[in-house]
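# Summary of the model geometry
Listed here are the chains, written in short residue letters.
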Amino acid sequence: MESKYNYFKRDISWLSFNYRVLLEALDERLPLYERINFISIYSSNLEEFYKIRVADHKAVASGATESDEETVQSARELVEEINKEVTHQLDDRVRIYEQKILPALRKNHIIFYQDNHVEPFHQQFIKDFFREEIFPYLQPVPVSRDKIVSFLRDNRLYLAIRVYPKKEEKNKGEETKENIEKYTGECINERNDGEGIKVGMEEVRPNVTDLRQPLYFVMKQPYAKVPRFIELPSREKNHYLMFTEDIIKANLNLIFPGYDVDSSYCIKISRDADILIDDTASSADLVAQLKKKVKKRKIGDVCRFVYDRAMPSEFLDFLVDAFRIQRDELVPGDKHLNLEDLRHLPNPNKSLHSLEKPKPMKLTVLDEKESIFNYVAKKDLLLYYPYHSFEHFIHFLYEAVHNPETREIMVTQYRVAENSAVINTLIAAAQNGKKVTVFVELKARFDEENNLATAEMMQAAGIKIIYSIPGLKVHAKVALIRRRGLNGEKIPSYAYISTGNFNEKTATLYADCGLFTCRKEIVADLYNLFRTLQGKEDPKFTTLLVARFNLIPELNRLIDREISLADEGKQGRIILKMNALQDPTMIDRLYEASEHGVQIDLIVRGICCLIPGQSYSRNIRVTRIVDSFLEHARIWYFGNDGTPKVFMGSPDWMRRNLYRRIEAITPVLAPDLRDSLIEMLDIQLADNQKACWVDDKLQNIFKKRTPGTPAVRAQYTFYDWLNKTNS
């Protein structure tokens, strides 16, 4: 039956979130290079979005794949809508970059050359640098509409170049041919140069009867050999930077002697990076599939062709024909593409201060002499990353390794850090004679290779590895330390449930929380969950909420309770913090609760398909926070008539999380820890510095500070609160 409610489109909502990321580049309260970094994050997010989401829609639109969620026509319309919105956003990115960031750099004595104008005192340096550092790595490849098939690598920058032979006497025609052969080198001879580009000499001979016919070339930028950004000699108090491609453009005449260089523009291609695997395959078959298919990720179908929007239409038309680009794959970009590289922009002005982010603190109750085991045996412990140090979790594992009563360590791994201290500690446990079982999710997108290599390393050390469950992803972030007394007596075991991965790198960047507990009911449930991952029993969970088992029924019961309270004239109250809200069934339940008068606050960083401001959502408010750290925690609050129930765990309210993954959520039962989570939610709802309302048109409406009220920047205010309570 068709719903009476409406929803935002998932991908259009995500674009609204990514635009909010871009808006951070406008915040002049931030250090300049922090603002530049947000342009980098915006660009990187957009690249992955095209590789996965847009690529999926294009596959449906072309008829290559079928979908239960969209038709060929609706997919085509959505791709068109996405490209239209992205084009508007890129217009704003150009404006922010050119009108805000570049002048701010100049104000701080950093001159970032962006056009053909280079000061005379740098011109010889640029020529010398080009000849000595760049020229040896350049290889122009001729492009033809009809005969030469060129393969452009995924997300690599290329320079598309148009040249004209200089006007010469008729008997110089053969010399023109020799010049082409000389300066395009071995690529004129039929070959495959390792980049998939194949050409033949007979296909690029110029038309000697008309020497002014244009010739086209593409040339991959040599960023593996040369940095993207070049620091030029300083002069007086000014520092100078330049894009490598601009240095190349300034010296194209040296690459094409005997030719008039007409113009050159940057281009890039984004390719489908999704990996289609048989999700019902056994572990051994899944490993074999991944090893084979990950290697093909960079040769997927084109999902986006980005070009310098200043490129003339006839130049673009030539490239579209030559590379067989579909018109719906065209996305106009900036003069300089791949602005995600701005995160590597040198800062030659050392007087420019960087952002003083909160430093991870160690709990005073967990100093080096204090055993986490002893502390948690007495009371639950809740850590907030990155405000608290992830070293506490490492120390927790380290204690398990050296505790003679440890019987088994069980951990899930979704995204593994390279050279991980977590993995090294688990290996040490196995080498110390402990039984170690690790569930490794091989289908974690873009981490498949790293997860597989890490799993094989652990397996070689004697760790029992359980791979992906057929048809499911395991997204739960849980660990279990099972113990037994040396004489067989029962002693506490330890459970750990987190909202984030066991990854010490992301633990410094993502705002997450993790709960340590010895509560028998949670330990027993977690052990049942690990047995389920090993396919050993049909579990029953008494306390944990586990997706695909008891999560949805319990969520419905909790929402029904708040509706009943509102119907009785009492306060119905729900606060939900998560990364994404997309499942229409659960959105309908929130709409229904709103219609009954339940007051609902949603703190949703990314996708939010629920539409506020409608008659059926008049009691729902949507807040979005983008700041120094990536808001990643999932925390759910239900008022329960003054005795709140608070939960934390791994899932967002997406269809994939609720129905197609194994997720784990725990109630927070210790009153003091429950209150600290409520304090965090209250601080986030009070944010008037980095918080936005999301309105019914998907606009990010910044919350205004009411005169006379304190400034609340949630991440920093909460850090201060934690610091004061750290005693």
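In what follows, the accompanying structure is described. Remember, predicted model here, so these are calculated numbers, not experimental data. (Residues numbered from 1 in each chain as written. Predicted model: local features only at pLDDT ≥ 70, side-chain atom pairs only at ≥ 80, totals over all residues. Heavy atoms only, no water.)

### Structural notes on the overall build of the protein chain
Looking only at helices and strands, the protein chain features 19 helices and 30 strands. Taken across its 727 residues, the protein chain has 59% of its residues classed as buried. The long-range fraction of contacts in the protein chain, counting pairs at least 24 apart against all pairs at least 6 apart in sequence, stands at 77%. (Helix = DSSP H or I, 4+ residues; strand = E, 2+ residues; numbered from the N terminus. Buried < 20%, exposed > 50% of the residue type's maximum accessible area, 1.4 Å probe, protein only. Contact = heavy atoms within 4.5 Å.)

### Concerning the environment of Y527
As for its position among the elements, Y527 is in helix α14 (residues 520-533). Considering only alpha carbons, one finds Y527 and L480, 47 residues apart in sequence, at a separation of 7.3 Å. Beyond its immediate stretch of four places on either side in the chain, Y527 contacts M410, L480 and R482.

### Side note on the sheet that holds strand β3 (residues 158-165)
Read across the sheet, six strands follow the order β2-β6-β3-β9-β10-β11 without closing on themselves; strand pairing throughout is mixed. Edge positions in the sheet fall to β2 (141-143) and β11 (330-333), since each has one partner strand and no second. Along the sheet, successive strands turn relative to each other by an average axial angle of 35°, direction set aside. In the sheet, β3 pairs with strand β9 (residues 259-271) via eight bridges, with the strands oriented antiparallel. Across the sheet, the residue bridging to L159 is C266, located in β9. Sitting on the sheet, helix α9 (residues 313-322) is in contact with β2, β3, β6 (215-220), β9, β10 (302-308) and β11, with an inclination near 115° to β3. (Pairing = 2+ DSSP bridges. Axes fitted to C-alpha atoms, helices over the stretch in contact; angles between N-to-C directions.)

### Some points on empty space enclosed by the protein
Applying the stated criterion across every chain, the model contains six cavities of 30 Å³ or more. Quantified by volume, the largest cavity comes out at close to 100 Å³. Lining the largest cavity, in full, are S43, L46, E47, L90, R93, K268, R304, V306, L337, N338, L339 and E340. Those elements giving two or more residues to the lining of the largest cavity turn out to be α2 (32-61), α3 (72-107) and β10. For the lining of the largest cavity, the element with the most residues is α2, which contributes three residues. Per-class residue counts for the lining of the largest cavity are five nonpolar, two polar and five charged. (1 Å grid on protein atoms, 1.4 Å probe; cavity = no way out; pocket = protein on both sides within 12 Å on 5 of 7 lines; lining within 4 Å. Points joined across faces, edges and corners; volume = space filled by probe spheres on them. Nonpolar A, V, L, I, M, F, W, Y, C, P; charged D, E, K, R; others polar.)

### With respect to the packing of aromatic side chains
Applying the stated criterion across every chain yields a total of 38 aromatic pairs. Ring centres of W636 and W653 lie 5.7 Å apart, and the angle between their planes is 75°; this geometry places the pair in the edge-to-face category. Highlighted residues: W636 in strand β25 (residues 634-638) and W653 in the loop between β26 (645-649) and α17 (655-659), separated in sequence by 17 residues. A relative accessible area of 1% means that W636 is categorised as buried. On the numbers, 6.3 Å between centres and 75° between planes, the contact of F638 with F647 is edge-to-face. Like F647, F638 is buried. Linked through ring pairs, F373, Y385, F390, F393, F396, Y494, Y496, F502 and F516 together constitute an aromatic cluster. Stacked on the ring of Y50, the Lys or Arg R304 has its end atom at 4.5 Å from the ring centre. (Phe/Tyr/Trp six-rings, centres within 6.5 Å; stacked < 30°, edge-to-face > 60°. Lys NZ or Arg CZ within 6 Å of the ring centre and 35° of its normal.)

### Section: helix α13 (residues 448-460)
In this model α13 runs 18 Å from its N-terminal to its C-terminal C-alpha over 13 residues, within 8% of the 18 Å that 1.5 Å per residue would give. Every buried residue of α13 is accounted for by E448, N450, N451, L452, T454, A455 and M458. Just downstream of α13 lies G462, where phi reads positive at about 100°. (Expected span 1.5 Å × (residues − 1).)

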